[in-house]
Amino acid sequence: MEAVLAGLTGALILAAVLYDAVRLITPGEWRCPPLARFRGRHAALEAAERWCTGLRQHGRIDTADYQRRMSLIAHGQRTAHQKTTARRR
């Protein structure tokens, strides 16, 4: 039983290491922000704004991309039409 638990723990640690390594080499934004459908359009725009701010704070997007996205949000669009890639430092 102890061998099974040790093997399972090792597998979980290996999966976490692989996940983190893949996350570091993939583009910064790999999923869309939450839509917040049940709370309405205004709440969806606020969620998109928080998402964009989080991307900027973690260095996933640059200043120009952040300003472009916030401008689109200010004009009522939740996401940009073009898929952008993150700039790595």
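Anything mentioned here points back to the structure above.
First things first, this report covers the structure right here in the doc.

As for the overall build of the chain
Then, number 1: A count of helices and strands for the chain gives 3 helices and 0 strands.
Then, number 2: Each helix and strand of the chain, placed in order from N terminus to C terminus, yields the pattern α-α-α.
Then, number 3: When each of the 89 residues of the chain is scored for burial, the buried share is 19%.
Then, number 4: Summed over its atoms, the accessible surface of the chain is roughly 7100 Å², and 62% of this surface lies on carbon and sulfur atoms.

Thoughts on the pattern of salt bridges
Then, number 1: One pass over the full model with this rule turns up 2 salt bridges.
Then, number 2: A salt bridge links Arg-69 to Asp-65, with the nearest nitrogen and oxygen atoms 3.2 Å apart. Of this pair, Arg-69 and Asp-65 both sit in helix H3 (residues 63-74), 4 residues apart, which is roughly one turn of that helix.

Considering the nonpolar core
Then, number 1: In this structure, Leu-45, Ala-48, Cys-52, Leu-55, Ile-61, Met-70 and Ile-73 together form the largest nonpolar core, which totals 7 residues.
Then, number 2: When residues of this core are traced back to their parent elements, those giving at least two are helix H2 (41-57) and H3.
Then, number 3: Not counting residues within four places of it along the chain, the set of residues in contact with Met-70 comprises Glu-49, Cys-52 and Thr-53.

A short note on H2
The α-helix advances 3.6 residues per turn, and as a result positions three or four apart in sequence lie on the same side.
Then, number 1: Its 17 residues give H2 an end-to-end C-alpha distance of 24 Å, which sits within 8% of 24 Å, the value for a rise of 1.5 Å per residue.
Then, number 2: Every buried residue of H2 is listed here: Ala-43, Ala-44, Leu-45, Ala-47, Ala-48, Cys-52 and Leu-55.
Then, number 3: Contact partners of the buried residues in H2: H3.
Then, number 4: Downstream of H2 by a residue or two, Gly-59 has a phi angle that is positive, lying close to 75°.

What counts and what doesn't
- Residues numbered from 1 in each chain as written.
- Predicted model: local features only at pLDDT ≥ 70, side-chain atom pairs only at ≥ 80, totals over all residues.
- Heavy atoms only, no water.
- Helix = DSSP H or I, 4+ residues; strand = E, 2+ residues; numbered from the N terminus.
- Buried < 20%, exposed > 50% of the residue type's maximum accessible area, 1.4 Å probe, protein only.
- Areas by Shrake-Rupley, 256 points an atom, 1.4 Å probe, with all protein chains shown as cover.
- Salt bridge = Lys/Arg side-chain N within 4 Å of Asp/Glu carboxyl O.
- Core = buried A, V, L, I, M, F, W, Y, C linked by side-chain atoms within 4.5 Å.
- Contact = heavy atoms within 4.5 Å.
- Expected span 1.5 Å × (residues − 1).

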